[in-house]
Amino acid sequence: MHVDVSCSKCGQRRRLDLGDPGGSPVEEFLHLVSERLSHKPSFECFGGHVELAPPVPRFWTIHWDTLGD
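Note that the structure is a prediction, hence the values are computed from the model and not measured. (Residues numbered from 1 in each chain as written. Predicted model: local features only at pLDDT ≥ 70, side-chain atom pairs only at ≥ 80, totals over all residues. Heavy atoms only, no water.)

**Some thoughts on the environment of Arg13**
For Arg13, the position within the fold is in strand β2 (residues 13–17). Overall, Arg13 belongs to the partly exposed group, its relative accessible area being 45%. Residues Arg13 and His2, 11 residues apart in the sequence, show an inter-C-alpha distance of 13 Å. For Arg13, the contacting residues outside a window of four places in its chain are Asp4, Val5, Ser6, His63 and Thr66. Polar contacts involving the side chain of Arg13 include one to the side chain of Asp4, which spans 3.4 Å. (Helix = DSSP H or I, 4+ residues; strand = E, 2+ residues; numbered from the N terminus. Buried < 20%, exposed > 50% of the residue type's maximum accessible area, 1.4 Å probe, protein only. Contact = heavy atoms within 4.5 Å. Polar contact = N/O pair within 3.5 Å; in protein donor to acceptor, adjacent residues only side chain to side chain.)

**Quick notes on the sheet that holds β2**
Read from one edge to the other, the open sheet built from 3 strands follows the order β2-β1-β5, with strand pairing classed as antiparallel. At either end of the open sheet lies a strand with only one pairing partner, and these are β2 and β5 (60–68). The average undirected angle you get between the axes of adjacent strands in this sheet is 30°. Bridge count for strand β1 (residues 2–7) against β2 is 5 bridges, and the pairing is antiparallel. By the bridge assignment for β2, Asp4 is matched with Arg15. (Pairing = 2+ DSSP bridges. Axes fitted to C-alpha atoms, helices over the stretch in contact; angles between N-to-C directions.)

**Thoughts on the side chain of Ser6**
With respect to the helices and strands, the residue Ser6 is situated in strand β1. Among the polar contacts listed, one links the side chain of Ser6 to the side chain of His63, at a separation of 2.9 Å.

The following block contains the structure:
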C-alpha cells in the first residue's frame, strides 16, 4: 500500500510505502500506521532536514485520497 505524504516544512511531496496489510482489515492497518508515525521519536524529511519530534501531525500531511497500491 502507498500514500502521498508532503512535508509542511519544506513542501516536498513523496509516495510513501506503508507496507502490506497482510490479513489485517485495511482500516485497522491504516490506524496502526498512523499511530506508529505519531509516536516515532525522531523524523528525517525527504529534503534531508531532521526534526526531533514525531512526523504526524506536526510535520507531515498524509493525502489519504491517494491511498492505493
